[in-house]
Amino acid sequence: MSEQQALTATNYFFRNQIAFYRGKVRDVYHINKGYLAIVACDRISAFDHVLPRSIPFKGQVLNEIAALFLRQTSDIVPNWLIETPDPHVSFGYKAEAIPIEFVVRHYLTGHAWRVYKEGGRLLCGNTLPDGLKENDQLPNPIITPSTKAHTGHDVDISYAEIIEQGILDKSRLDELHEIALALFKRGTEYAAKQNLILVDTKYEFGIKDDAIMLIDEIHTPDSSRFFYKDSYNELQQKGSPQRQLSKEFVREWLMANGFQGKQGELIPTLTDEFIASITARYEELYKAMAGKELNRRSYENIDNEIESNINNCLSKYL
Ligand SMILES: Nc1ncnc2c1ncn2[C@@H]1O[C@H](COP(=O)(O)OP(=O)(O)O)[C@@H](O)[C@H]1O
Ligand SMILES: [Mg+2]
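Draft legend 1. Representation of the pairing of strand β17 (residues 224-228) in the model. Judged by how many residues are buried, β17 sits mostly within the fold: five of five residues are covered. Of the two faces of β17, the one lined by Ser-224, Phe-226 and Tyr-228 and the one lined by Arg-225 and Phe-227 are each fully buried. The pairing of strand β15 (residues 196-208) with β17 spans five bridges and is antiparallel. Within β17, the residue paired with Asp-200 across the bridge is Arg-225.

In structure tokens form, the structure reads like this:
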């Protein structure tokens, strides 16, 4: 199979652009008057490393799923999204980002499982019961915040430490705690209708005009794990791995090929076949979450198309 085009990075300079930030996956254009245009590129990261090849349609999937859920949860908390001028782009308000990721977990998976397996029963101030196995449901959803590190891995932090370090005061933290749980509940209910389990996810918040604003992406395959609901119990009883609809299978493939993001390790070569299988997974998740097929955008003239879509959008607000 020949290599499919993908949107690896963008390099625009818009009228009224005041700053540019390249995240692991997204290109963030800061626009005058407190706006942001965020391009969800097709880059993929795992273990906090951007992989050398991009995944066609991944950015579109991320952008469209995030927009769907931001619209669907705006009654719980105001969010940053104003519109999606292009399949890969969201436009909205810039907030002053709070440097904490609110990770909500309802299952013993991923990082939480790794801690638990080593005997850890305390996770960011949450006590975990004994006797659980990987992917078991926790008695309640718990929040395991992590600091948003500028480089390298995010680090677990407890509410007590967040307050001690003066990152947030207690009342704001309580408010964010309740909002994160309400968002998770909404995501869980919606996922259940689509035969999915929202296993865990993370939310980022900011402050705008002294009020809390939900920012970033939500309930996407990059920020969340999903299991298939109908097969969950049976697989759990058999002690088999869960059917996952998230980036987890990319992490597993990398680990099987000797890469866990540690220093000195080489990122294994991603074959065309593997890239295509990642695209397929992202599209499968889109279909499951959005309840319809992804309307694949064209890559033929993508750079110019994105630029003019953003310019048209900016001209409405500036
Ligand atoms: N409305 C917003 N206001 C301010 N910052 C935002 C907003 N939405 C998203 N961000 C930030 O934009 C960046 C998105 O790019 P991403 O690829 O996720 O980068 P990162 O590697 O920093 O996680 C994140 O740092 C996120 O915190
Ligand atoms: Mg991010």
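Draft legend 2. Spatial organisation of the pairing of strand β7 (residues 89-93). Among the five residues in β7, four count as buried, and that is most of the element. Note that strand β6 (residues 81-86) and β7 share three bridges and pair antiparallel. Looking at the pairing, Asp-86 lines up with Val-89 of β7. If you look at the hairpin formed by β6 and β7, you'll find two residues sitting between the two strands.

Draft legend 3. The arrangement of the nonpolar core in detail. In terms of nonpolar packing, the biggest core is built from 79 residues, with Phe-102, Leu-196, Tyr-203, Phe-205, Leu-214, Ile-278 and Ile-310 touching the most fellow members. Ignoring anything within four residues of it in the chain, the contact list for Phe-205 reads Ala-97, Ile-98, Phe-102, Leu-176, Ile-179, Ala-180, Leu-183, Ile-212, Met-213, Leu-214 and Ile-215. Core analysis: the next-biggest nonpolar cluster, separate from the first, contains nine residues, Leu-108, Leu-123, Leu-128 and Leu-138 among them.

Draft legend 4. Representation of the site of ligand 1. If you check the shell around ligand 1, you find 16 residues, and the closest are Tyr-21, Val-25, Arg-26, Tyr-93 and Glu-204. Within the side chain of Glu-204, one N or O atom sits 2.6 Å away from an oxygen atom of ligand 1. For ligand 1, the protein covers 88% of the area, taking 550 Å² as the surface of the free molecule. Secondary-structure elements contributing two or more residues to the shell around ligand 1 are β2 (26-31) and β3 (35-40).

Draft legend 5. How the structure looks around the packing of aromatic side chains. Taken as a whole and judged by the stated rule, the model has 18 aromatic pairs. A centroid spacing of 4.8 Å and a plane angle of 50° characterise the contact between Phe-20 and Tyr-29, whose relative ring orientation is tilted. Relative to Phe-274, the ring of Phe-249 lies with its centre 6.3 Å away and its plane at 65°, an arrangement referred to as edge-to-face. Of this pair, Phe-249 sits in helix α6 (residues 248-256) while Phe-274 sits in helix α7 (residues 272-290), and the two are 25 residues apart along the sequence. For the pair formed by Phe-249 and Phe-274, the shared burial category is buried. Grouped by ring-pair contacts, the aromatic residues Tyr-12, Phe-14, Phe-20 and Tyr-29 constitute a single cluster. A cation over an aromatic ring shows up here: Arg-121 above the ring of Tyr-116, its NZ or CZ 3.7 Å from the ring centre. Seen from the ring of Phe-249, Arg-281 lies directly overhead, with NZ or CZ sitting 4.0 Å from the centre.

Each value, and the rule that gives it
Residues numbered from 1 in each chain as written. Chains lettered and ligands numbered in written order. Predicted model: local features only at pLDDT ≥ 70, side-chain atom pairs only at ≥ 80, totals over all residues. Heavy atoms only, no water. Buried < 20%, exposed > 50% of the residue type's maximum accessible area, 1.4 Å probe, protein only. Helix = DSSP H or I, 4+ residues; strand = E, 2+ residues; numbered from the N terminus. Pairing = 2+ DSSP bridges. Core = buried A, V, L, I, M, F, W, Y, C linked by side-chain atoms within 4.5 Å. Contact = heavy atoms within 4.5 Å. Near = heavy atom within 4 Å. Polar contact = N/O pair within 3.5 Å; in protein donor to acceptor, adjacent residues only side chain to side chain. Areas by Shrake-Rupley, 256 points an atom, 1.4 Å probe, with all protein chains shown as cover. Phe/Tyr/Trp six-rings, centres within 6.5 Å; stacked < 30°, edge-to-face > 60°. Lys NZ or Arg CZ within 6 Å of the ring centre and 35° of its normal.

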